[in-house]
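# Examining the three-dimensional arrangement
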Amino acid sequence: MKVLVTGGCGFIGSHLVDALLDRGNEVVVIDNLSTGRLLNLDHQKENPKLTVHIADIGEYGAIDEFFAGVKKVYHIAALADIVPSIQRPLDYHKANVDGTINVLEASRKAGVERLVYAASSSCYGIPDNYPTAETAEIRPEYPYATTKWIGEQYVLNWHKVYGLKTTSLRFFNVYGPRSRTSGTYGAVFGVFLAQKLNNKPYTVVGDGKQTRDFTYVTDIADAIITASESDDAVGEVMNVGSEGTYSINRLVELLGGEITYIPKRPGEPDCTYADTTKIKQILNWTPKVSFEDGVKNMLDNIDYWREAPLWEPDSIAEATKDWFKYLGKK
Ligand code: UDP
């Protein structure tokens, strides 16, 4: 079967491409390499079943031709991270909102059978209840969260209005090998692994007691494919999480090393924790990789982060200035 992955050169996308190729699919990737890297698919470059197109989903009409004959679309491409979304909201809108509507239209015109969208648990903001169910109030705290949520609304609307069979999956703190290493300050794993490689202390935010529902990337890829194979998932929004929540202090314990503390940031939840009842009921899906095994796999692949920028308290303070400036004023 011919399937298409937007953002296939990125962290989650490249793991999804691996899983789809493993299952014997012909895989078309669209990526503009803004944050994705060809290196993430280097191990597949001789695979005749993989085609990569360097194109921008945000440009209307630039991607339609690649959808010919495609049965399933996995829309993973997006700009991520909090600070750059505060600094460049128009870029985020173009990639995450215009990009999504362009992918939906190209899919509709090509007669695609199924589409799965990578949504974000950031739509819950600082929720009232843990674990957090899909019915929780939507409270985006910054433009990244807002654009991903608007994208989700379009994805559901294209089902309602045009009958395109879509599903939206809200991912919680995805981690694993190839998690992004590019310039901007972002997800904790890349930051900590580069610090470990450089024998620098881990920059723990606040008291490190905050917890995250760290979900391993191959579990995410598995949930995406499972959703795309079930008609029961059509028109649904479902959380995807690890069934646990783990403190930053626990992460440091597993990685081993010294700590330096940096200030707590406004708008950051003390906990993220998915209620996964719905995906369990509808898809019978459960995660397989424990936090301990996941962290061990990352340590086994630590060389990937040799090129990652090294963040230290001063450079983090500088990089997160706008975070405090705009989100700290409430
Ligand atoms: N974090 C940290 N040090 C860092 C970067 C992040 O202690 O240098 C913490 C952060 O406070 C949060 C957790 O790691 O509690 C996950 O942060 P990330 O940015 O990966 O995800 P998010 O906060 O968006 O869930």
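Our structure is the block above this text.
Quick summary incoming for the structure in this document. As the structure is a prediction and not an experimental result, all values here were calculated from the model.

## Considering the site of the ligand
In the neighbourhood of the ligand, 14 residues make up the surrounding shell, with Tyr185, Val188, Thr203, Arg212 and Glu268 lying closest. Between an oxygen atom of the ligand and a main-chain N or O atom of Val205, the distance comes to 2.8 Å. Calculation on the ligand without its partners gives an accessible area of 520 Å², and the protein chains cover 89% of this total. Elements supplying a minimum of two residues to the shell around the ligand: helix H5 (188-197) and strand E8 (202-205). Looking at the shell around the ligand, its residues break down into eight nonpolar, three polar and three charged.

## Notes on the environment of Asp275
Counting through the fold element by element, Asp275 comes out in the loop between strand E13 (259-262) and helix H8 (277-283). Engagement of the side chain of Asp275 in a polar contact is seen with the side chain of Thr277, the distance being 2.5 Å.

## Description of the pattern of salt bridges
The full count for this structure, using the stated rule, is 23 salt bridges. With a shortest N-O distance of 2.7 Å, Asp91 and Arg88 are connected by a salt bridge. The class for Arg88 is partly exposed, based on a relative accessible area of 36%. Several salt bridges converge on common partners, so that one network encompasses Arg23, Asp222 and Lys288.

About the thresholds
- Residues numbered from 1 in each chain as written.
- Predicted model: local features only at pLDDT ≥ 70, side-chain atom pairs only at ≥ 80, totals over all residues.
- Heavy atoms only, no water.
- Near = heavy atom within 4 Å.
- Polar contact = N/O pair within 3.5 Å; in protein donor to acceptor, adjacent residues only side chain to side chain.
- Areas by Shrake-Rupley, 256 points an atom, 1.4 Å probe, with all protein chains shown as cover.
- Helix = DSSP H or I, 4+ residues; strand = E, 2+ residues; numbered from the N terminus.
- Nonpolar A, V, L, I, M, F, W, Y, C, P; charged D, E, K, R; others polar.
- Salt bridge = Lys/Arg side-chain N within 4 Å of Asp/Glu carboxyl O.
- Buried < 20%, exposed > 50% of the residue type's maximum accessible area, 1.4 Å probe, protein only.

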